[in-house]
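# Analysis of the macromolecular model
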Amino acid sequence: MTKLSVQLFTMRSIENDAEMLDTVKAAGFEFVELYGAKLSRGSALAGLLGERGLQASGSHVALADLTDDFETVVENAQAFNISSLFVPSVPVPQRDMPADGWRELGKQLALLSDKLSAHSMTLGYHNHNWDLHLKDGDKTALDLVFEAAGSAPVQWEADIAWLTRGGVDPVVWLKRHSSRLAAAHVKDLAPEGQNEEEAGWADVGAGVLDWKVLWPEAIANGAKVMVVEHDKPLNPAATTANSFRYLQENLR
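Let us look at the structure shown here. Keep in mind the model is a prediction, meaning the values are calculated, not measured. Note on numbering: residues in each chain are counted from 1, in written sequence order. Per-residue local features of the predicted model are confined to residues with pLDDT of at least 70, and side-chain atom pairs are confined, for both listing and counting, to 80 or more; whole-chain, interface and lining totals are unaffected and use all residues. Hydrogen atoms and water are omitted, and side-chain values are computed over all heavy atoms in the structure.

Let us look at the sheet that holds strand β8 (residues 155-159). Spatially, the 8 strands close up into a barrel ordered β1-β2-β3-β4-β5-β8-β9-β12, and their pairing is parallel. Ignoring strand direction, the axes of neighbouring strands in this sheet form an average angle of 30°. Paired strands, in this sense, are two strands between which DSSP finds at least two bridges. Think of it this way: any DSSP run of H or I at least four residues long counts as a helix, any run of E at least two long counts as a strand, and we number them from the N terminus. With 3 bridges connecting them, strand β5 (residues 122-126) and β8 associate as parallel partners. Residue pairing across strands places G124 opposite Q155, the latter belonging to β8. Note on contacts: a residue pair qualifies if any of its non-hydrogen atoms lie within 4.5 Å across the two residues. To obtain an axis, a line is fitted to C-alpha atoms, over the contacting stretch when the element is a helix, and the angle between two such axes runs from 0 to 180 degrees between their N-to-C directions. Set on the sheet, helix α6 (residues 99-117) makes contact with β4 (84-87) and β5; between it and β5 the angle comes to about 150°.

This is how it looks when you write it as structure tokens:
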């Protein structure tokens, strides 16, 4: 059974954790995906989730936190009873690095994945559009990361809207790296020139992406968790509720 989750980054403007989680619950979600600041809240936030009957499906975690404070990351993940962690991006200065830098990232993720496996946890990488830039012939940065990871079980959280913004066909790419696909981010793009105050994003179902095609393709290629997200909503409560309603009425 595929889990439907929501990335709490969508609601980061709601500063009170209890209010944020009440918004999630009111929208209809049962699962949330954490990001670094929320993962670091550990047992305190886990308690608030439990009080509302919510569960964490996984979490984003900064690469620096994994390398500099590995044991704390593991302890916090265990507090939420989660086993799936995803590095959401590389730091800004590294986003234009040459091919060798991306290969080194893949090797680093492989080593960290091996360390996490001792704690029954997996590690993956979440893409943005810059991960689709060509770095070595017809190989993109993302290709090089996964190639360098080799046989290590480094997973992929496909951000389908960022794939689209990167100028590639999401369906082709879901198949291209299906062996690593574990989760997908579900968000939408507004028609060109619209929603500029929301950086061009839209509530799921209110944009131009064809989720009636993309949703089943993601699941067919390995996604076990589908995570609703909006990078810059003006009204996060409405966005969360609207996106859940669209998915329930059309795809669940």
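Now for unusual backbone geometry. In most cases, non-glycine residues show a negative phi, while peptide bonds are predominantly trans. Positive phi is not limited to glycine here, since S120 has a value of about 60°. With respect to the element layout, S120 can be found in the loop between α6 and β5. Only protein chains enter the accessibility calculation, which uses a 1.4 Å probe. A residue is then buried if its area is under 20% of the maximum for its type, exposed if over 50%, and partly exposed in between. Judged by relative accessible area, which is 63%, S120 ranks as exposed. Positive phi, close to 55°, is recorded for N195, a residue that is not glycine. Mapped onto the elements of the fold, N195 is located in the loop between β10 (188-189) and β11 (201-202). Of the residues examined, N195 reaches a relative accessible area of 24% and is grouped as partly exposed.

Attention now moves to the environment of L49. With respect to the secondary-structure elements, L49 resides in helix α3 (residues 42-51). Considered as a pair, L49 and F80 are 31 residues apart in the sequence and their alpha carbons are 8.8 Å apart. Excluding its chain neighbours within four sequence positions, the residues that come into contact with L49 are L21, V32, L54, A56 and F80.

Further remarks concern the nonpolar core. Put simply, buried Ala, Val, Leu, Ile, Met, Phe, Trp, Tyr and Cys residues joined by side-chain atoms within 4.5 Å make one nonpolar core. Membership of the largest hydrophobic core comes to 80 residues, with the highest contact counts inside it found for W102 and W211. The element that contributes the greatest number of residues to this core is α6, accounting for 7 residues. Non-local contacts of W211, meaning those with residues more than four positions away in its chain, are made with I160, H185, V186, K187, D188, V204, G205, P216, Y246 and L251. Core analysis: the next-biggest nonpolar cluster, separate from the first, contains 5 residues, A182, A183, V225 and V227 among them.

Geometric values such as these leave the question of function open.
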